[in-house]
Amino acid sequence: MVDEEYSYSRRAFAIGCSALVACSAAGFVFGSNLSYADVLRPPGALDEPDFFARCIRCYRCISVCPTQVIEPMRLEEGVLDIRTPELSFQDSYCTYCDLCRQVCPTFAIGTSDPYDISSGRIGVAVIHEDRCLAFIDNSCGICIEQCPYEAITGDDLHRPVIDENLCNGCGLCEKICPSNVSRSYSGSSIRGVEIFTEKRFEELSE
Amino acid sequence: MAIRNGKRIKLARRISTAVVFVLVVLSLAFDTGFGTPSAIGVGEFFLLCPLGGLEAMLASKTFLPITAISLAIVLLFAAIFGRVWCAWGCPVPSIRTLIRGRKQSIDIEKELAQKGRCSSGCSAKEAIAAQLDAGMEKKLSERLFALVREDRRMLVLVGVLIVTFAAGFPIFCLVCPIGLTFGTVIALWHLFVYKQVTASVLVFPLCLIIELIIYRKWCTNLCPIAALLSLFGRLARRFRPVVDTDACLLYTSENNCHACTKACAEAINLHVPSAAEDIRDCTRCGECLAACPTNAIRIGAEKTSTVLLAEEGDPDPERLS
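Residues numbered from 1 in each chain as written. Chains lettered and ligands numbered in written order. Predicted model: local features only at pLDDT ≥ 70, side-chain atom pairs only at ≥ 80, totals over all residues. Heavy atoms only, no water.

Caption draft 1: The arrangement of a negative patch on the surface in detail. A contiguous patch of negative charge, built from Asp 38, Glu 202, Glu 203 and Glu 206 of chain A, is present on the exposed surface. Mapped onto the secondary structure, Glu 203 of chain A falls in helix α8 (residues 198–205). (Patch = residues over 30% accessible without salt bridge, like charges linked within 9 Å, V, L, I, M, F, W, Y side chains within 5 Å. Areas by Shrake-Rupley, 256 points an atom, 1.4 Å probe, with all protein chains shown as cover. Salt bridge = Lys/Arg side-chain N within 4 Å of Asp/Glu carboxyl O. Lys, Arg positive; Asp, Glu negative; His and termini not counted. Charge placed at Lys NZ, Arg CZ, Asp CG, Glu CD. Helix = DSSP H or I, 4+ residues; strand = E, 2+ residues; numbered from the N terminus.)

Caption draft 2: Structural context of helix α12 (residues 200–214) of chain B. All names here are of chain B. Over its 15 residues, α12 extends 20 Å from the first C-alpha to the last, a length consistent with the 21 Å expected when each residue adds 1.5 Å. When α12 is considered as a whole, its buried residues turn out to be Ser 200, Val 201, Phe 204, Leu 208, Glu 211, Leu 212 and Ile 213. Of the residues one or two after α12, Arg 216 is the one with positive phi, at around 70 degrees. (Expected span 1.5 Å × (residues − 1). Buried < 20%, exposed > 50% of the residue type's maximum accessible area, 1.4 Å probe, protein only.)

Caption draft 3: Highlighting the confidence of the model for chain A. Counting all residues, the mean pLDDT for chain A is 87, and 92% of those residues have values of 70 or more. Counting contacts from residues 1–7 of chain A, a segment whose pLDDT is below 50, to residues more than four positions away or on other chains yields 3 contacts. (pLDDT = per-residue confidence, 0-100. Contact = heavy atoms within 4.5 Å.)

Caption draft 4: Examining the interface of chain A and chain B more closely. Counting residues at the interface gives 44 residues for chain A and 54 residues for chain B. For the pairing of chain A and chain B, the buried interface totals around 4,100 Å² over both sides, and the portion due to carbon and sulfur atoms is 65%. Ranking the residues of chain A by area buried against chain B places Ile 56, Arg 60 and Arg 83 of chain A at the top, with a combined share of 15%. Counting the contacts that link chain A with chain B gives 0 salt bridges. Applying the counting criterion to the chain A and chain B interface returns 17 residue pairs in polar contact (both at pLDDT 80 or more). Listing elements by their share of the side of chain A that touches chain B, those giving two or more residues are α1 (2–32), α2 (48–54), α3 (60–64), β1 (70–72) and α4 (99–103) of chain A. Examining the composition of the side of chain A that touches chain B, we find that 12 residues originate from one element, α1 of chain A, more than from any other. Broken down by class, the residue content of the side of chain A that touches chain B amounts to 26 nonpolar, 8 polar and 10 charged. (Buried area = accessible area lost by both parts, 1.4 Å probe. Polar contact = N/O pair within 3.5 Å; in protein donor to acceptor, adjacent residues only side chain to side chain. Nonpolar A, V, L, I, M, F, W, Y, C, P; charged D, E, K, R; others polar.)

Caption draft 5: Region of interest: the sheet that holds strand β3 (residues 39–42) of chain B. Residues and elements named next belong to chain B. Read across the open sheet, the 3 strands follow the order β2-β3-β4; overall the sheet is antiparallel. In the strand order of this sheet, the two ends are held by β2 (35–36) and β4 (45–48), each with one partner. Of the strand pairs in this sheet, β3 and β4 are connected by 4 bridges, and their pairing is antiparallel. Residue pairing across strands places Val 42 opposite Phe 45, the latter belonging to β4. (Pairing = 2+ DSSP bridges.)

Caption draft 6: Representation of the packing of aromatic side chains in the model. Applying the stated rule across the entire model yields 8 aromatic pairs over all chains. The interplanar angle of 40 degrees and the centroid separation of 4.8 Å between the aromatic rings of Phe 77 of chain B and Phe 81 of chain B together place this pair among those described as tilted. With Phe 77 of chain B and Phe 81 of chain B both in helix α3 (residues 65–81) and 4 residues apart, this pair spans about one turn of that helix. On the basis of relative accessibility, which here comes to 43%, the residue Phe 77 of chain B falls in the partly exposed class. Of the residues examined, Phe 81 of chain B reaches a relative accessible area of 26% and is grouped as partly exposed. Through successive ring pairs, a cluster of aromatic residues spans Phe 30, Tyr 36 and Phe 52 of chain A together with Phe 169 of chain B. Lying across the ring of Phe 196 of chain A, Arg 200 of chain A places its NZ or CZ 3.7 Å from the centre. When the ring centre of Phe 165 of chain B is taken as reference, the NZ or CZ atom of Lys 61 of chain B above it lies at 4.8 Å. (Phe/Tyr/Trp six-rings, centres within 6.5 Å; stacked < 30°, edge-to-face > 60°. Lys NZ or Arg CZ within 6 Å of the ring centre and 35° of its normal.)

Caption draft 7: Structural view of empty space enclosed by the protein. Residues and elements named next belong to chain A. Evaluated as defined, the whole model comprises 8 cavities of 30 Å³ or more. In this structure, the largest cavity is lined by 15 residues; those nearest its centre are Cys 55, Cys 58, Cys 61, Pro 85 and Cys 104. Elements with a contribution of two residues or more to the lining of the largest cavity: α2 and α3. Within the lining of the largest cavity, the residues separate by chemical class into 11 nonpolar, 1 polar and 3 charged. (1 Å grid on protein atoms, 1.4 Å probe; cavity = no way out; pocket = protein on both sides within 12 Å on 5 of 7 lines; lining within 4 Å. Points joined across faces, edges and corners; volume = space filled by probe spheres on them.)

Caption draft 8: Geometry of the confidence of the model for chain B. All names here are of chain B. On average, residues of chain B score 81 in pLDDT, and 79% of them reach the 70 mark or higher. Across residues 310–315, confidence stays below pLDDT 50; counting only partners more than four residues off in sequence or on other chains, it has 9 contacts. Note on residues 317–321: pLDDT is under 50 here. Beyond four places in sequence and across chains, it has 12 contacts. If you check the scores for this complex, the pTM reads 0.85 and the ipTM reads 0.84.

Caption draft 9: Region of interest: the packing of helix α9 (residues 152–167) of chain B against helix α14 (residues 224–233) of chain B. Residues and elements named next belong to chain B. Their axes nearest at 8 Å, the elements α9 and α14 cross at an angle of 105 degrees. Between α9 and α14, the angle is such that the two are roughly perpendicular. Contacts between α9 and α14 involve Arg 153, Met 154, Val 156, Leu 157 and Val 160 on the former and, on the latter, Pro 224, Ala 226, Ala 227, Leu 228, Ser 230 and Leu 231. (Axes fitted to C-alpha atoms, helices over the stretch in contact; angles between N-to-C directions. Parallel < 35°, antiparallel > 145°, perpendicular 65-115°, else oblique.)

Caption draft 10: Here's a closer look at the environment of Cys 264 of chain B. Within the secondary structure, Cys 264 of chain B sits in the loop between α16 (259–263) and α17 (275–278). Taking the C-alpha atoms as reference points, Cys 264 of chain B and Cys 282 of chain B, separated by 18 residues in sequence, lie 8.7 Å from one another.

Caption draft 11: Structural view of the pattern of salt bridges. Residues and elements named next belong to chain B. Enumeration according to the criterion identifies 13 salt bridges over all chains in this entry. As a salt-bridge pair, Arg 153 and Asp 281 come within 3.2 Å of each other at their nearest N and O atoms. In this pair, Arg 153 is assigned in helix α9 and Asp 281 in the loop between α17 and α18 (287–291), connecting sequence segments 128 residues apart. What makes Arg 153 buried here is its relative accessible area of 2%. A single network of salt bridges, built from pairs that share partners, joins Arg 83, Arg 153, Glu 266 and Asp 281.

Following this line, the structure appears as structure tokens:
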């Protein structure tokens with residue numbers, strides 16, 4: 001009786017072992033075919049593969065953010081990235097207060113200096129000339145006055161020009177941009193200025 | 001000092017589970033950064049999910065000293081109090097109770113038969129005799145083997161860690177019902193407060209329903225966090241339920257009472273010596289105390305080498321004859 005039980009469980013154990021081997025193989029194949037999201041992470045966030053490996057989706061950065069600029073990623077933006085933090089500048093911007101770095105339990109967010117763009121900035125602002133009011137009818141220029149880092153200057157016609165070497169992607173310009181704020185039925189809520197991720201910005205400049 | 005009142009434990013448990021929810025909501029409302037149970041704390045001090053911490057280190061192939069310290073504290077807690085989190089903090093049992101009522105979700109007879117232990121069909125005397133015959137002293141390899149054989153959660157735990165290491169990201173966090181529960185709370189908060197419209201609000205609860213309501217055996221068959229906690233829970237010698245054989249109906253009468261085993265979500269049979277090993281799965285939920293018709297079970301702070309305590313200390317099969 002006892003022997004029977006043991007032979008049964010030896011078989012189960014063998015099945016278990018092969019399942020584990022299958023697991024690691026599946027995990028490896030899965031891992032090497034991952035396509036990493038290209039989204040605006042909190043300032044100082046590690047490179048996407050490292051960040052993705054460390055984020056345990058605990059929501060601490062989201063819950064500590066004093067400006068509520070960090071939001072959990074939605075299902076629509078990618079199943080694997082769901083619940084990881086992402087910056088959204090529709091209603092808020094980043095003050096580089098450093099709190100999200102302090103509370104991260106797995107150190108997925110590193111230090112960043114808002115005045116040193118090589119220290120891990122969020123992204124870069126890009127003007128959409130077809131949406132920016134200054135480009136359309138020369139009527140605006142609010143971002144030029146408001147940018148905390150003086151990264152936006154006006155050209156001869158008082159149209160905004162971004163200095164990519166000063167812009168840290170804090171998103172204040174996108175938050176205050178009046179263009180397209182209420183045009184939700186136009187099919188897009190993109191404003192006159194938008195923060196691009198570093199990767200998207202490089203693709204744009206090429 | 002020992003507690004015998006199971007109803008008070010159950011009430012305290014409900015309050016502590018509610019406190020976790022309140023903390024999460026307060027944290028969202030006042031930007032305090034308590035976080036969720038995946039990592040809960042104040043400022044730079046935090047306790048984090050032991051599985052999440054392990055996964056993050058394995059996935060990034062980096063040793064994170066402060067994360068490891070927090071991990072050690074959580075596991076030390078488990079080594080002292082066992083799987084106390086599962087009954088006192090985890091939202092999963094409450095969700096199941098809310099939706100399914102107090103239905104016993106485990107086929108107790110089958111569970112006991114699988115473990116090769118006394119079902120309510122055989123007498124306590126027979127069970128104890130069989131166990132003493134089999135011998136409680138086992139080799140380490142046999143004990144490891146038994147661990148995996150008796151607890152499928154261990155396989156899931158090992159599987160999750162391997163896949164996480166190979167794939168390079170914390171894969172269990174995607175489906176973790178604790179994460180999904182607080183994900184639902186936060187998705188709802190972001191929907192109503194910040195007008196962030198997302199399908200997550202519908203999909204998270206749907207996943208929870210599949211995992212907890214349709215599958216039903218998540219905690220006892222699948223949860224790798226439970227497996228990790230019970231690995232350390234076997235070291236916890238204090239605050240365990242102890243049967244007083246002078247009051248237990250099974251020992252003092254012909255009555256074949258197994259009320260405590262039937263009430264136990266983990267189907268631990270406290271009446272047999274092997275309970276000393278099975279008790280690693282005890283979540284200190286107090287259901288056995290509440291179910292006992294003679295109040296023969298108590299939870300006390302004293303160290304107990306075995307969970308079955310007669311007046312003299314050790315279980316004595318001769319007492320039954």
